[in-house]
Amino acid sequence: LKEGYALMKLQRFEVESYMTLHENNCRYNLADTCAKPLTLKELLAFEKKDSLGDLMNLSLDYGVIEGSHALKKGILDLYQSGDDEEIAICHGGVNANELVLMTLLSANDHILSFLPTYQQLYSFPESLGVEVDFIHLKEENDWKIDFEELEKNIKENTKMICLNLPNNPTGTTLNHEEMQQLIQICKKHDLYVLVDEIYRGLYQEESMSDLYEKGIVTSGLSKVLSTAGLRIGWIKTKDKELIRLINERRDYSIISSGPINDYLGALTLKYSKEILTRNREILEENKNYLKKWLKGHPHLSCVIPEYGTVCFLKYDYQIDSNTFCETLQEETGVFFVPGCCFDVENHLRFGLANAPQLVKEGLEVFSNWLKKLDTSR
């Protein structure tokens, strides 16, 4: 690096970098964690009026700086409690996470995160000088949290626990009793808990923001609502003062989401029940197919999650996951994200909510490739 460049020590975002390099050069994208995307035509068709005419007449100014009431109302309909002052609108879920972490954390704070999980939840805090310790999720325990281990790792300077529910890449989450167990630990030690809930909502799972005063959740339209291209995300918490501080910091990053994205985001949320019904059907069809498919592949296994749009396939071939995925994609066009992007070898991240026909065709091509691999062992 050239002398004079000041750097924040930020690790390469492994999963996002890998996706950028590979997702546009594949035939069967089995790695994407978004539910099958809606086209603009499909989205506008939900509305029985001239939505296209409304769009054509929008003034291309900044729009409502902190997000329209219609947008926020649509978001709040996904939860059990809250009002407009408990929501901050962001540029996707990744910007939402960043704004929370930058607003609340500083050097010498300590947080607890998990492995495997979404790298931003630990690498970004590390870049701020925050001390991070990890709780390892174990496949033999269905990727569940060991709460005893979690509490043992809390220190005097621990400020926050960071996790995503459902988890990326395993798709697993917490049931009601486990959620309450986490809340009791956080209350006991007066901790914030940041939950990236970007995969929540297909089955109306509980939200930490409805249950705990210091619970902060982030989410967006990308995953279960099939409109990643709108780049609408949000932060929700009962702490209205925190939302005020986040909105002040937000002025340095996005200013506004713009009137087109706001309008289309509100429209997406207005018809969230219909979109979620569509995506549940896709998800269940793909999960049922995967269960049958795995029966014919003794070298692969998976904790198939109840919720979320992603799972973590395990294989027992003696090949590192990067080589496995690179070779597979080069020879067949089938694309998975290797487990090494999550610091877990011999695994593949598999998106469960892609178009069923694409999933079935992709897994069939994968099957034929695995047969060749078996004969060469």
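Criteria and cut-off values
Residues numbered from 1 in each chain as written. Predicted model: local features only at pLDDT ≥ 70, side-chain atom pairs only at ≥ 80, totals over all residues. Heavy atoms only, no water. Axes fitted to C-alpha atoms, helices over the stretch in contact; angles between N-to-C directions. Helix = DSSP H or I, 4+ residues; strand = E, 2+ residues; numbered from the N terminus. Parallel < 35°, antiparallel > 145°, perpendicular 65-115°, else oblique. Left-handed = near helix turned anticlockwise from the far one by under 90°. Contact = heavy atoms within 4.5 Å. Nonpolar A, V, L, I, M, F, W, Y, C, P; charged D, E, K, R; others polar. Patch = residues over 30% accessible without salt bridge, like charges linked within 9 Å, V, L, I, M, F, W, Y side chains within 5 Å. Areas by Shrake-Rupley, 256 points an atom, 1.4 Å probe, with all protein chains shown as cover. Salt bridge = Lys/Arg side-chain N within 4 Å of Asp/Glu carboxyl O. Buried < 20%, exposed > 50% of the residue type's maximum accessible area, 1.4 Å probe, protein only. Polar contact = N/O pair within 3.5 Å; in protein donor to acceptor, adjacent residues only side chain to side chain. Pairing = 2+ DSSP bridges. pLDDT = per-residue confidence, 0-100. Phe/Tyr/Trp six-rings, centres within 6.5 Å; stacked < 30°, edge-to-face > 60°. Lys NZ or Arg CZ within 6 Å of the ring centre and 35° of its normal. Disulfide = S-S within 2.5 Å.

Here helix α4 (residues 69-76) crosses helix α11 (residues 259-270) at 30°, and the two axes come no closer than 8 Å. In terms of orientation, α4 lies roughly parallel with respect to α11. Like other packed secondary-structure pairs, α4 and α11 cross with a definite hand, here left-handed. Facing α4, whose interface residues are Ala-70, Leu-71, Gly-74 and Ile-75, α11 presents Asp-262, Gly-265, Ala-266 and Leu-269. Each residue belonging to the contact of α4 with α11 can be placed in one class, and the counts come to five nonpolar, two polar and one charged.

Let us now look at a nonpolar patch on the surface. A cluster of nonpolar residues, Tyr-62, Ile-65 and Ile-255, forms a patch on the protein surface that exposes about 270 Å² of accessible area. Within the secondary structure, Tyr-62 sits in the loop between α3 (51-56) and α4.

We now examine the environment of Asn-346. Looking at the secondary structure, you find Asn-346 in the loop between β12 (337-338) and β13 (347-351). Note on Asn-346: relative accessible area 25%, which makes it partly exposed. Residues Asn-346 and Leu-300, 46 residues apart in the sequence, show an inter-C-alpha distance of 9.8 Å. Filtering out sequence-adjacent residues up to four positions away, Asn-346 remains in contact with Leu-313, Lys-314, Tyr-315, Tyr-317, Ile-319 and Ser-321. Among the polar contacts listed, one links the side chain of Asn-346 to the backbone oxygen of Tyr-317, at a separation of 3.0 Å.

Peptide bonds are, in most cases, trans, and in most cases residues other than glycine have a negative phi. Leu-115 connects to Pro-116 through a cis peptide bond whose omega is 0°. For the peptide bond that leads from Leu-165 to Pro-166, omega is -10°, which places it in the cis range. Checked against the element boundaries, Pro-166 lands in the loop between β5 (158-164) and α8 (176-188). If you check the backbone angles, Asp-190 has positive phi at about 55° while not being a glycine. Looking at where Asp-190 falls in the secondary structure, it is placed in the loop between α8 and β6 (192-196). Even without a glycine there, the phi angle at Asn-346 is positive, about 60°.

In spatial order, the strands read β9-β10-β13-β12; together these four strands make up an open sheet with antiparallel pairing. Strands at the two margins of the open sheet, each flanked by one partner only, are β9 (300-301) and β12. In this sheet, strand β10 (residues 310-315) lies alongside β9 in antiparallel orientation, the contact comprising two bridges. The partner of Ser-301 across the bridge, within β10, is Lys-314.

Read from one edge to the other, the open sheet built from seven strands follows the order β2-β8-β7-β6-β5-β3-β4, with strand pairing classed as mixed. The open sheet has two edge strands, β2 (87-91) and β4 (131-136), and neither has a second partner. Between one strand axis and the next, the sheet turns by 20° as a mean value, whatever way the strands run. Sheet analysis places β5 next to β6, joined by five bridges and oriented parallel. Within β6, the residue paired with Ile-161 across the bridge is Val-193. Set on the sheet, helix α5 (residues 92-104) makes contact with β2, β5, β6, β7 (215-220) and β8 (232-237); between it and β2 the angle comes to about 120°. Relative to β2, helix α10 (residues 240-250) is tilted by about 30°, and along the sheet it contacts β2, β7 and β8.

Turning next to the confidence of the model for the protein. Per-chain confidence: the protein averages 95 in pLDDT, with 97% of residues scoring 70 or above. The low-confidence segment residues 1-7, where pLDDT is below 50, has one contact with residues more than four positions distant or belonging to other chains.

Next up on the list: the packing of aromatic side chains. Evaluated as defined, the whole model comprises 16 aromatic pairs. Ring centres of Tyr-122 and Phe-134 lie 4.9 Å apart, and the angle between their planes is 85°; on these two criteria the pair is classed as edge-to-face. Note that Tyr-122 is positioned in helix α6 (residues 120-127) and Phe-134 in strand β4, a separation of twelve residues in sequence. Classification of Phe-134 as partly exposed rests on a relative accessible area of 25%. Chaining the aromatic ring pairs together yields one cluster made of Trp-293, Tyr-315, Tyr-317, Phe-324, Phe-336, Phe-350, Phe-366 and Trp-369. Its end group placed over the ring of Tyr-192, Lys-214 keeps NZ or CZ at 4.2 Å from the ring centre.

Turning to the state of the cysteines, a few remarks are in order. Under the defined criterion, the tally for this structure stands at zero disulfides. The cysteine Cys-90 is free of any disulfide, with Cys-162 supplying the nearest cysteine sulfur at 15 Å. Cys-162 takes part in no disulfide bond, and the closest cysteine sulfur, belonging to Cys-186, lies 10 Å away. A relative accessible area of 0% places Cys-162 in the buried class.

Turning to α4, a few remarks are in order. Three- or four-residue spacings in an α-helix give side chains the same orientation, since the helix completes a turn every 3.6 residues. By the burial criterion, the buried members of α4 are Leu-71, Lys-72, Gly-74, Ile-75 and Leu-76. Residues of α4 that are buried make contact with β2, β8 and α11.

What follows is about the pairing of β10. Of all the six residues making up β10, five are buried; the element is thus mostly covered by neighbouring parts of the structure. With five bridges joining them, β10 and β13 adopt antiparallel strand pairing. In the sheet register, Cys-311 faces β13, and the bridge partner there is Phe-350.

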